[in-house]
Structure formats: C-alpha cells, structure tokens
Amino acid sequence: MVKILGISGSPRKSGTEFALKEALKAAEEVAGVSTTFVTLRGKRIEFCLHCDRCIREEKLYCPAHEDDAMKELYLLFAEADAYILASPVYQMNMSGQMLTFLNRLRPLWPLIKDGLLKTRVGGAIVVGGTRHGGCEPALLAINNFYNCFGIIAVTGGHEAYCGGTVWSQDRLAEGVKEDEVGLKTVRVMGRRVAEVASLIATGKQARGGN
Ligand SMILES: Cc1cc2nc3c(=O)[nH]c(=O)nc-3n(C[C@H](O)[C@H](O)[C@H](O)COP(=O)(O)O)c2cc1C
C-alpha cells in the first residue's frame, strides 16, 4: 500500500479539515492507496528551540520537548510515502500551528541526509477567508517546505497550478462546501499526489526497493 499522510494545521474543526478530507477521498480512489488524517487541532506543539540536540545526539525525535504531541507525529511522518499538508491562510501565509509543526521536523534530518525522502511526494491545500487574500504565498510556503526536505512537490498541474486553493468567505466548512471551483483544485491535487506516489512505488519495486 502507498501511505498518504494528511495533516490539517487549523485550530478549528472547520473548513481546512473538510477540504483535506476531500483531497484524501480523491487520493483513495487510486488503487493501492491508503490515507491517514491527522489534525494539529488541540495538540500541544512547542516551538523549536534550535538547541540542535536532535542533530548532535542523532535522535529521530526532539529531546528538548519529549512529552509534547510531536512524539507520535515523527513516526507517522517518517513512515508515510506521501503528504498532503492543509492550512488556513493566516496573514497571507500558513498558520502558526502548521509552521511550528514543520519547524519541529528538524530531528528527521538523518532521513533527508541519507536521501530517504527523495522519492516522496507532497501536495498543499490552503483555505483563505478573503478572495485573493494570500492563498498563493501560503501554498508557496508549504511547497517550499517540501523543497527544503527534498520531497517532490506535486500540484494539480494545469487545473490547480500551486495546489488546492479554497475560498471559505470566513464561513467555516459551509463556505468551503460552496466553493466548488476551489474544491475541484483540492480533489485534482489529492488524486495527483496519489497517482505520482503510486508510480514511484512501482518504479522502486522494479528497481529492487530503492
Ligand atoms: C490570525 C488570522 C489571520 C488570517 N489571515 C488571513 C489572510 O491573510 N488571508 C485570508 O484570506 N484569510 C485570513 N484569515 C481567515 C482564515 O484563513 C479563514 O477564515 C479560513 O477559512 C479559516 O480556516 P478554518 O475554517 O479551517 O479555521 C485569517 C484568520 C486568522 C484567525
């Protein structure tokens, strides 16, 4: 099975979670794909302190904040074949919750260094309250995270240039449900992440696992 991990960076059970679930449903239509939904809502995630203990001690978790919610998330992230990161747009960027989570992935540096993420793919979804209120910079920020980690950023191609882009009109999940155009970009991107991840899995198998 190709495993896709979807993570919502919204503090609310609302539009971003709804959009992410739509993308995961579209991804599951591809044969051999399974998905896991995770929300950062209600999770305690401390800031990265840049103490570099994770790097020096070669730990695949953060020794400075051993007891926060990241503990379970490191393993989920390390074991997935593909990612869909979904965030509300906050000040034309991803949410602080999502950025803090991504900063805290620093202990996974050994995976990057050893090239273990280079065949993984990732897609992005953002949900903004204002039309043209910063969705594209927010998508770029998420796709730049993939670039930093050596993960291949997958978008929706000509149907969703930078990824899934939804306009909620600040009306929670109800507003998201009304944005049919936006939801199409989410579904197209979700399916494409699954298709590319699945093609890579087939190629790796043919090459004996690498
Ligand atoms: C701190 C904060 C900053 C925001 N900044 C923006 C923004 O720059 N552009 C925008 O379109 N919407 C902005 N919004 C609105 C949210 O992106 C919008 O309501 C979104 O649908 C929330 O997602 P949710 O339903 O998953 O919580 C902001 C909301 C908050 C709380």
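Residues numbered from 1 in each chain as written. Predicted model: local features only at pLDDT ≥ 70, side-chain atom pairs only at ≥ 80, totals over all residues. Heavy atoms only, no water.

A.B. asks: How do you make sense of the overall build of the protein when you look at a structure like this?
C.D. replies: The helix and strand tally for the protein stands at eight helices and six strands. Its helices and strands in sequence order give the protein the pattern β-α-β-α-α-β-α-α-β-α-β-β-α-α, from N to C terminus. Seen through its C-alpha atoms, the protein measures out along the principal axes to roughly 50 × 40 × 25 Å. Counting the 210 residues in the protein, one finds 48% classified as buried. Restricting to contacts in the protein with at least 6 residues of sequence separation, those with at least 24 account for 76%. Total accessible area on the protein is roughly 10,500 Å²; 53% of this is exposed by carbon and sulfur atoms. Here the protein holds 26 positive side-chain charges and 23 negative ones, and the gap between their average locations is 2 Å. (Helix = DSSP H or I, 4+ residues; strand = E, 2+ residues; numbered from the N terminus. Buried < 20%, exposed > 50% of the residue type's maximum accessible area, 1.4 Å probe, protein only. Contact = heavy atoms within 4.5 Å. Areas by Shrake-Rupley, 256 points an atom, 1.4 Å probe, with all protein chains shown as cover. Lys, Arg positive; Asp, Glu negative; His and termini not counted. Charge placed at Lys NZ, Arg CZ, Asp CG, Glu CD.)

A.B. asks: Explain the side chain of S14 here, please?
C.D. replies: Structurally, S14 can be placed in the loop between β1 (2–8) and α1 (15–28). Once residues within four sequence positions are removed from consideration, S14 is found in contact with L172 and A173.

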